[in-house]
Each structure stands twice: as C-alpha cells, then as structure tokens.
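Residue-level structure breakdown
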Amino acid sequence: MLWEVDIYPASGQADREASEVVADAADLGFSGLEIATSRGYLLEGDLHPEDVRRIADQLLVDPVVERTVVAPVGSAELNQPPRKDLHPLHVLPKPGVMDPVAQSAMSAIADLQIDVSAIRTLKKYWLPELEDRAIERLARKILANDAIEQVVSGPLHFKQLQLGTSYDFDLKTVSIRDLDTAQLDQLSRSGQLYLQTAEMKTIRDYYRSIDRDPTDIELETLAQTWSEHCSHKTLAGRIAYEGPIDRKGSHGQRQFENMLKETIFAATVAIRNKLQNEDWCVSVFEDNAGIVRFDDDHNVVFKVETHNHPSALEPYGGANTGIGGVIRDPLGTGLGARPVCNTDVFCFARPDYPADSLPQGVLHPRRVMKGVVSGVRDYGNRMGIPTVNGALYFDDRYLGNPLVYCGTVGILPRDKSFGSPQPGDHIVAIGGRTGRDGIHGATFSSAELTEESESLSGGAVQIGNAITEKMVLDVVLVARDRGLYSAITDCGAGGFSSAVGEMGEKIGAEVYLERAPVKYEGLSYTEIWISEAQERMVLSVPDKHWAALHDLCRSEDVEATIIGKFVPTGKLSLHYHDSVVGELPMDFLHDGRPPVIRQAQYQPPVEQPLTPSGNQLDCGESLLAILSSLNVASKEWVIRQYDHEVQAGSAVKPLVGVANDGPSDAAVVRPLLSSRRGIVVACGMNPHYGDLDTYHMAASGIDEAVRNCVAVGADPSQIAILDNFCWGDCEKAETLGALVRAALACYDMAVALDTPFISGKDSLNNEFSFMMDGEKRSIAIPSTLLISAMGQVESVDQCVTMDFKSPGNRIYQVGVTRNELGGSHFALVNQLSGGRVPQVDPKMAKTTFHALHQAIRQGMVRSCHDLSEGGLAVAIAEMAFAGDWGAEVELAGEQHEIDTEIEALFSESNSRFLCEVPDNVAPRFEALFENSEPTITFAHIGTVTEGKNLVIRGENDRPLVDLSLRQLKEAWKKPLDW
Amino acid sequence: MSRPHALILRAPGTNCDRETAFALQTAGAETRILHVNRVLENQKDLDEFQILCLPGGFSYGDDVAAGRILGNQIRHHLAEAMYKFRDAGKLILGICNGFQVLIKSGLLIGSQDVSESNNMAGTLTWNDSGKFEDRWVHLETCGNKSPFLEGIEKMYLPVAHAEGKFVVKSPDRLDALATEGQLVLRYCDPFKSSEAPVTFPENPNGSVEATAGICDHTGRVLGLMPHPERYIDRTQHPRWTRGEGGAEGDGLAMFKNAVSYFS
C-alpha cells in the first residue's frame, strides 16, 4: 500500500516556501497570489496505519512547529485544502532521480524496525483557481523542473513507487563496417556519440580489420574516451594558427602539433627547468589535480572544473554535481588529498533580463543564478569544505550557456602523492550505487546546446547526494593512511568506462559488470558501464588488503565492491555474467584516435578611440554606477550562504573590514591547524577585454589572479595557476584563433612571472542555438578564461586586508596608470565603445609583485587592495567604506601616463595596488620601490581621514568626487542584496 | 590530575570533528574521534571518557530535519548510556548540529521517554531568513548553571547554520526553562541597551529570547548554535588585521572550562 504523509507549518508558523513562490511568481506577473504549501513523503510497503503514524511522529515531523496529515494516497483528507478554494499541485522527483532525503529516511525508518519498501519525497502546492495555462506556466517556470521532476495537478493517484523491471540480457552489436560517411555521421548523432567523421571512419576501419562489428558497449567506450570532455582533442590537437603571435601583435603563423603542450604545459616545463633544485612543482597536468610542494611533510593540490551544460538545464543539480565532481578530483589525486577549501565562479546573463524575450528552452537567468548558488551551497556546506573564494560575472551572452566553475584545494602527505595500479589488483568501486542517471554526460557536454537539449539529454542531469560523498571521503582518508590501495581515481564523466579505462591504460583490465551494485533493476550492461551516477570512486586494491578495506568500508556503512581486476593483457575486456560483451586493445582506445587538425585565425578588432569620449561625464556619478554594476557590487548574499569557516583554518575571510562586509582580494586558510603556514586562493577573469584582444584578456587575467594573491601577502615566487577556457564553437577558425591567441599569452605571462600552470580544463561549444521568427539563431558566450591562483604564505600572521585601518596613514598608488579604458567598467556603465584594452608589462609586473611582497612581509603595509574593475576610484572607495574611514586623494602625479583625469580614476591598467602606510615607515616603503630594478613607479596620493567622505581632487584642486561612505557603500551593496 | 579524555562522536555528515578535537587538545584534553557505529556496537566505550562532544556538520545530511536522524538513533539506542554518562558527573557538549541532535534526542530539554517524542518543550527550526548563513555574533551568558561557561561573560563567535532558530511549544515551557536557569547563552547587541529586543542580524535566526545556547537541568549538558572551536587562534577573528580580538580566541575558554572541571 502507498501512504502519504503531508507536513504543514503548524498554526502560527511561517510558510516560507509559499512566500518564496509568491515572490518569484510576482516577477512573472502573477500579482497577489495566495498559496499554501506542504512537503511530504510517499511510503510504500505492507504498513499498518499505526506504523505510518509512528514514522510520522517519531521521525518525519517536528511537533513544535509542524502538523501532519497521514493517509493512504488518494484519500479525501489529503486533498482537503488548508484554506478555502485552493487546489493541490504535486511536484515529485522523477523515478530514478536521486532523492537524498528519501534515502536517509529509508534507513532511519529501518532503525525504527519498520519495513518500508520504497520512499519518495514530494512537494505540494495549494494554488487558487487559475487557468490551466497559468498553472502550467507557474509549474514550468517556478515550481518544477521538467528535467528531473514530474508534476501532478489535482489529486495523486499513484499506486506504487517501485522502480525498474528485470533486465533480459541481449548482446547488441552495431553494423558499422558497411556504412558510408553520411551514415557514419548519422550514427554518431543518433547514438549520441558526438564523434567526428574522421573518428567514425577510424572506428569503422578498425572493425573492418578485425572482421567483426562492434558491440554497443565498445562503441560507447570509444565515444566516451575520445570525447572532447575526456580527451581535449581540439586544444591538444594539431592547429595551424595565423594571426598576431606576440604581445605587440606582430602578425605571423604558428604550427602546433599539440597546442596545449606547446603553450600552457611548455610554460611550466620552462619554469621547472629554470628552477632546477628549487622546483616546487610535484605533479602537473598528469593526475586529476595539479600537485605542488607545501611544507616539509605535505603537498597541496588544486583543480578547477566546469559544469556548464548540466547547469543550463537544471541549475541546482548541475551546480550540485559540479562541486561534488570537483571535490572528487583532489580525492582522486595521488593516493587521495583531503579537500581544504573550494572556490566557485559563475557567469550569468543579468538577473533582470526581460522574461518575455527569453528564447525557447532557456531558463530565466535569475532562476539559474538562484539554483546554481543553492546547488553549490547545499553540497559544499554538507561536505564540510569552506567556500572561500569566487566571483560572479554578468553578460547577456551567457543567457543560453551559463558558466559554472567549481574548484577544490586539497592537502596530502608528500609520500602519498603518487599511486599506480598493479597487475593483479582488484578493481574496487566504492560509494554510491550505479543508476540510469547521467548517461551520456561526457558526450553531451561536448555538444552544442539547442532548445531541444532538455528532452534529448535529460538523463545527463543529476542531483547529488553530498553525504554519500562525505562518507566516501572519510573512509578513503583512513584507507590511504593504512596503505590499503595502490591507486585511486574518481568516477566522473564517462563513469566506470573512463575511470577503469584510464587506470588500466598501461596494464589491461577485465570487468564483471553484473557485480556493480545498482540502484534498481533493469540496467543493461552498457548502462552500468557508462552511467555517470555520482559519488563513486574506483580503487586499485591488492588482494592482501581487500578484506581490511572491505571491513573498514562496512564499519562506516560505505558500499565497496570488487568489479574487476587489472590484468597484464593490454586489453580492456568487459564481461556480463558468462558473456564477453566488449573487448578493446588499450592502445587503440587511448592512442587510436586520429589527430584532429584545425585551422585557427585571429584578427583583433582595430583599436578605436573611446567613443563618445568620457570627458563630459560626472566622476562621482560614474563611480556610483560602477559600484552598483553587477560585476563589482557586493556578493555578500552569496558568500554568507556558504560556510567559509568550517575546518577552522580561515585567516583572511572573503568579507573583511569594520562591518565584516568589505571585498577581500583573496582568501587565506591554514590547512593544518598546528601550523602557521597558509594557502592563498584568488582568481582573475576579464571577458570584456576578450572582445578587444584575447591575448590581453589572458595576460590581464593572470596578472589579476596573481596580484590578488600578492595583495594579501602571498609570496609571488610560489604561486601556482590553473587555466579554464570556456569558449564558443572551436570548429570555427576565428573562435579557435581567439583561444590560441589567449594561450600564447598564458605562455608568455607564466614564464615571465614564474607562475607555473599546474592543471587546467576546457569547455568548448558553449553556443546556444534556437529558432526565432523562423530563422536559426545562435548565441556564443564571450571568450572566457578563468585563471585561478593558489599562493602560499609562510605565516598567516603576516597577511594584510584591504580595509583602511587608521586615519593619518598615507595612501600610495603602486604601478602606472595608462590610457586603458577599453573593456573597462567605466565604458560599460556609460555605454562607451572602443578604447585601448589593458596590457601587462610582464617584467614590471614581476618586479612590482616582489617589491610589494617585501613591503608586506616587513610589516610596512596596513592595508592593500589591487586595482581592477573600476580602477583607482573603485579601489579607494572600497578601502574607505570597508574600513569606515574617509580619504583625501589628489589625482595629479607622475604615476600616470594618461590624457585625462577620467583615465586616472577609472582606467583598469594592470599590476597596480593601493597601499596604506604609516608615516614613520614611509621612507623605507618608498626606498623599496625606488631601489627596484627596473624602478617601480609609485606615488603618495593621499591620506586616510577621520571624516566619513571620500574626496578626490583633480587639477587645480577641483573636486572630482566628494561622496559619503554611506552613499558609496549603499550603491555597492544594494544590487544583489536579495 | 591526568588530562581528561574527550570523545568526539561523529556520524555520516559530521564535519567539524577535526577542529573540535584540536580545540579540546589545545585546552589540554586527550581526544579521540569515534564513529557513532562504534559506540552503538559497544556502549562501554563511553566509560573511558569524561567529556563527550557532538560536533557540527550535517549528520545524515540533515535530511528530514537537522539533527533528527542521529537524534533518533541516540533516543532509541544510546539514551540510557548518555544519561548514565551525565549522571556520573561528566560533561556533554553539542555544537551547532550537535545542539540540534541533543535537542532532537530529548536529552537536553525533552522527555527521557521514547514514546514521548511528541512532547518536546522546544526545537530548533529554520532561520527567519529561510537560508543558511555564516556570520559572527556577540553572545552574553546568563547565570552560572553550566560549568562550560563558568567565568565567561561575553563571547564573539561565528554561527553557520540554516536551522538554528529556537522556538518553544508554549510560553510556560519557556518560563520554566528560564526559571531553571537553563537559557544560558543569548545573542546580544553590544551597542544597544540590554533591554532592547535583539534583532537580525545580531540575533541571526530569530530565536525566542535571542537564545543561542541551552543546558539541561544539571547544567552539565550544553548545546549551542555558535562555533567556539572556530575561534581558538587569533587569526580566526574576522578583524584580527585591525588589531581586534585577543591573543587567543574567545571559544578556547569554553574548552578550558571543560578540561579544568576535571582537575
């Protein structure tokens, strides 16, 4: 029998869900909606009424604040509205979608000694009399997401919940040997393989040569392994590039055999060669995350991933599993690193985008943003990993392709930094069970999104279960320290197929698919193999340790199962019961893919003067407008929802200053509570610069990430960086050319600053196509390169923050301001176009970073802030309102190579800082910069004052800005104070 | 006297166990972190400890309700052992999720009777803001019922939770707790008179009487939403770079009190 337990707020308690729905509905034009909500459970089993009552009373309901209605599904009392004239609408997870609360309730009910066979959670919305169309619109836009949820309007008439029907084994082969090019392409698309013609031909020819057809599982394995997502074939492929080849823009050509290897990786190789014995990189671009030295006993690892496509379809689940996935990267690096902090960067269209002009198939950006933020929150917080750094970036070109970057830093003992599976080891799966969820995630993420993506690839969208992953983390760290396995990797894109395929690449593996624990009956052998169900890790376990590992896992209720064995055959062989369902030579699987050869061209737009010139604009108004622009405005609404202090290592928080609300340049954590040594995390990203020249966008991004680290006290000689390219369709020569141009900058800057890239990831094909007025249209995202930086500080006690500390202290600008308003926020808020994009002088940047670091180390600097979006004006305003002290600033000075005061205030030239320095150390501070080689430009531009105003004067003492701290802070806090 | 032994009890989803153990070590205790399954298998394990701590996190995901599932496990399998532990003059501390667990197990202010689970005096429910929030709060102690808070008047500590609003079943239940001196820790606004109601964000969740922590009738069982283990070191203070906060964190005093209770 199927029972329903509905839980309502008790009388006098707020109905929070209802208030939220009403507010969201108002945005959609439903004004004055009056609704009520309940949440509930469907319980299936041979249950007595008193059993269900006991489950409700002792487990499901909190009698102080809630009341229940308990009855068999379909009973009249369940459809009794809480208030007159309301009608029920039910929202439930679709069958097979992860339902963590139901899972936990299941085991808690077992603990009550009651036998329930299945549970599903539900939400019930009581709506007033509305037209069917209005109900449908509310359901689709606010109450449910069709990718993962089903909606039942009116009473529920379910009879049962049980999932799955038994599976009858049927070995499937695919006739490929006689297909022509067009037919191969058709097969690639219809089978959701998303392979290119040349690759399909290679596969066809291989099977011709061995004189048989492939089985479906072989084809799927090849498609996963050769997917853009898993192999990065475009960027690691052969590219003929034509365009500007250096910082100055000299035109030329470059032929790459492997573009990534010859730019990004090559920079790291060059730095390591130069450092020789001082090399602090440990493992780069090899493992699931990059590894560098931390202290005598520990290394630290860092990885940033994207989860864009799933987040576009189901923002909560996409972001949820995005953070869940990247946490498994450090855990699957070396012999397993303990995660110590997270960073999250999101790009959306503006949240007030007009709802009625959304293309079909696109979720409203406000809904996407709320979903993404809460998805990361609910997973990161539950994992007990502080989210300490991040950024939000808004541009309407992210409408169809929001970007979700999630990163995790981990720490591991030095002697646990490498693992390698041994022949004869068991292949052991631990953690979550395998279901039908996440089928085709790897191949799907490598395809362009269309308005039909939702119905095509709904299976690629998932919800995570953080607690399962936390339980896996807990046992893995114990097993690591006891030496119970010889290698570990995560099950990410491609599922077992990728994990086992990669681990066994150099050995060979046989897998017995029927042994993998499944969530429900009915999965085919292929589904088991390619499912991307979350929260699974694969270990390579020597036979002598299997019993100990198994006991350890069982003692903490974690499932561990032998699913195969690494065998020295050089082959991947897949079994289902007594049948061999697939057999592939490892070398064909990993090296058989034909090289991708592409053309790339780049021609940056010719530089135009800034138009109309910004000279007539009011400086104060522009400053307030920039502070209120979404990219600059306070992100406190997001930051506070993330636990940024769990693990208790927090030394510089994301929010600093008198009222704990100023914007910190970077976060600092102590990963080891018994040590003073700290890790510094920051990022840099400037998509608007990319519209002008992607070289300077990339160089500026690196400069920004590094200077953010240096501003809080990181040692510039030990900063590791990561690249994450999110780009449009790289089959277009211009789009790929823009990327190559950026990669050239990555090489130049990394080598010049001695900041090695240690890991990276790319997400291509971020274009959204849809039909409008009978025409196919397409929106490509702006070229977006996220640079994440991980620095180190000898002792967190040396760190500084950006808030002004004491009136009377001097304010110095370090670094040169140039005429660089191209792509600036001044241009953005005043709707100006053209202008010169900010460039980096790498030698000057490096010298500046090192000199400033000395000043901070020697305790001369009371506060320090980098100059970025909005330039000098924004930086000084932020320092003032965060410290709640005023400032008097003179613009005139030799620190500028500029034409007008507008540039002095708002230009976004790189490698600049503001420093607050007490009078008595000023001479020493100045000497540090004067004596640098090359000499660093700096200027004493003003003073911290007791007043509560920011006053900036131009030529002849003319006041350009005179605004109260209250005005400035309000402008900055208001836009995203949701 | 030898160092007291502290047990940090973890469950699936507990995530503040390491730093809580570190805080207790810093205060002078010997610590051990054990999975709740071990204690369920062998309740005698509790005998070797003087301090039992339920740390923060999301036990069992906080699925169903925060702290509910672990609270139920304790109510059904460990209640007797825990009362025995308390009645032997030992100390029990629940921080954040641990507080939610203590409340929902009935150990703190409820009934000892399993079948009486519906008769809870109060509970911890969703913040008025409706969401998880991490922020620092000022706290003041009331009375001297709990040895954990002895000699402490004020503390500045972070909270990080979604379900920390203390509400009671009825006003007389609240009066009874107040009369017994069990409402030992309150959120406060140091810049307002103590009579003025404490509102958001100083009262971060809307708790009745700005309640941040409660002890049982013996005073030896204490639960609180703020995280004392997150303010042990001076650099954990959000404004240490402004010279604020002491040489050691406010939270350490609570752990030192627990340790010195046994010396």
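No experiment lies behind these values; they were computed from the predicted model shown. Counting starts from 1 at the beginning of each chain's written sequence and moves along it residue by residue. A letter from A marks each chain and a number from 1 marks each ligand, given out in the order of writing. In keeping with the model being predicted, local features are shown solely for residues with a pLDDT of at least 70 and side-chain atom pairs are shown and tallied solely at 80 or more, while totals for entire chains, interfaces and linings include all residues. By convention in this description, side-chain values take in all heavy atoms of the structure and omit both hydrogens and water.

Some words on the overall build of chain A
To be explicit about the condition: Under the scheme used here, helices are H or I runs from DSSP no shorter than 4 residues and strands are E runs no shorter than 2 residues, and both carry numbers assigned from the N terminus. In this scheme, a residue with accessible area under 20% of its type's maximum is buried, one over 50% is exposed, and one in between is partly exposed, where area comes from a 1.4 Å probe on protein chains only. Should any heavy atoms of two residues lie within 4.5 Å, those residues are counted as being in contact. When charges are counted, Lys and Arg contribute as positive and Asp and Glu as negative, whereas His and the chain ends are disregarded. Working definition for charges: the position is that of NZ of Lys, CZ of Arg, CG of Asp or CD of Glu.
Broken down by element type, chain A carries 30 helices and 42 strands. If you line up chain A on its principal axes, its C-alpha atoms span 85 × 75 × 65 Å. Out of the 978 residues in chain A, the part that is buried amounts to 66%. Across chain A, every contact between residues at least 6 apart in sequence was considered, and the portion connecting residues at least 24 apart equals 83%. Computed over 88 positive and 138 negative side-chain charges, the inter-centroid distance for chain A is 2 Å.

As for the pattern of salt bridges
Residue and element names in this part refer to chain A. Short version of the rule: Salt bridge criterion: a side-chain nitrogen from Lys or Arg within 4 Å of a carboxyl oxygen from Asp or Glu.
Summed over the entire model, instances satisfying the criterion amount to 75 salt bridges over all chains. For D205, the salt bridge goes to R208, with nearest N and O atoms at 3.8 Å. In this pair, D205 and R208 are both assigned in helix α6 (residues 197–210), 3 residues apart and thus about one turn of the helix distant. A relative accessible area of 41% means that R208 is categorised as partly exposed. For K973, the salt bridge goes to D661, with nearest N and O atoms at 2.8 Å. Highlighted residues: K973 in helix α30 (residues 965–973) and D661 in the loop between β25 (655–656) and β26 (662–663), separated in sequence by 312 residues. Within the structure, one salt-bridge network assembled from shared partners comprises E636, R640, D661, K969 and K973.

Overview of the packing of aromatic side chains
Aromatic ring pairs are reported here in terms of the distance separating the ring centres and the angle at which the planes meet. Residues and elements named next belong to chain A. This is how it is decided: Stacked, tilted and edge-to-face are the three classes assigned to paired rings of Phe, Tyr and Trp, where Trp is represented by its six-membered ring and a pair needs centres within 6.5 Å; plane angles under 30 degrees give stacked, over 60 edge-to-face, the rest tilted.
Tallying each qualifying case throughout the model produces 24 aromatic pairs over all chains. On the numbers, 5.0 Å between centres and 85° between planes, the contact of Y206 with Y207 is edge-to-face. Classification of Y206 by relative accessible area gives buried; the value is 16%. The exposure class of Y207 is buried, given its relative accessible area of 0%. Consider the rings of F929 and F938, whose centres lie 6.0 Å apart with planes at 45°: the pair is tilted. Side by side, F929 and F938 carry an identical accessibility label, which is buried.

Quick notes on the domain arrangement of chain A
So the rule is basically this: Segmentation into domains, and thus their bounds, comes from an automatic or database assignment.
Each assigned domain of chain A is listed here: domain 1 (2–153) and domain 2 (800–978). Each of domain 1 of chain A and domain 2 of chain A has a C-alpha centre, and the two are 54 Å apart.

Structural notes on helix α23 (residues 694–712) of chain A
All names here are of chain A. Put simply, the rule is: A helix's residues, less one, multiplied by 1.5 Å, set its expected span. Throughout this description, a polar contact denotes any pair of N or O atoms lying within 3.5 Å of each other; where both atoms belong to protein, one of them has to be capable of donating a hydrogen while the other can accept it, and for residues adjacent in sequence the pair is counted only when both atoms sit in side chains.
Look at α23: 28 Å from first C-alpha to last across 19 residues, which is about the 27 Å you get at 1.5 Å a residue. Judged by how many residues are buried, α23 sits mostly within the fold: 19 of 19 residues are covered. Two or three places before Y695, at the start of α23, stands the capping residue D693, its side-chain oxygen 2.9 Å from that residue's backbone nitrogen.

Thoughts on the interface of chain B and chain A
By convention, interface size is frequently given as the accessible area that disappears when the constituent parts associate. The test is simple: A quick way to say it: buried area is the sum, across both parts, of accessible area lost when two parts are put together, with a 1.4 Å probe.
On the chain A side, the residues contacting the 60 residues of chain B number 63 residues. Regarding the contact of chain B and chain A, the summed buried area is about 5100 Å², with carbon and sulfur atoms giving 47% of it. Summed over the three residues of chain B that lose the most area to chain A, namely V64, D134 and R242 of chain B, the buried surface amounts to 13% of that side. Our count for the contact surface shared by chain B and chain A stands at 6 salt bridges. In this structure, E556 of chain A and R10 of chain B form a salt bridge, with 2.5 Å as the shortest nitrogen-oxygen distance. Here chain B and chain A share 32 residue pairs in polar contact (both at pLDDT 80 or more) between them. Elements with a contribution of two residues or more to the side of chain B that touches chain A: α1 (17–27), α2 (36–41), α3 (68–87), β5 (122–125), β6 (133–141), β7 (154–161) and β8 (165–168) of chain B.

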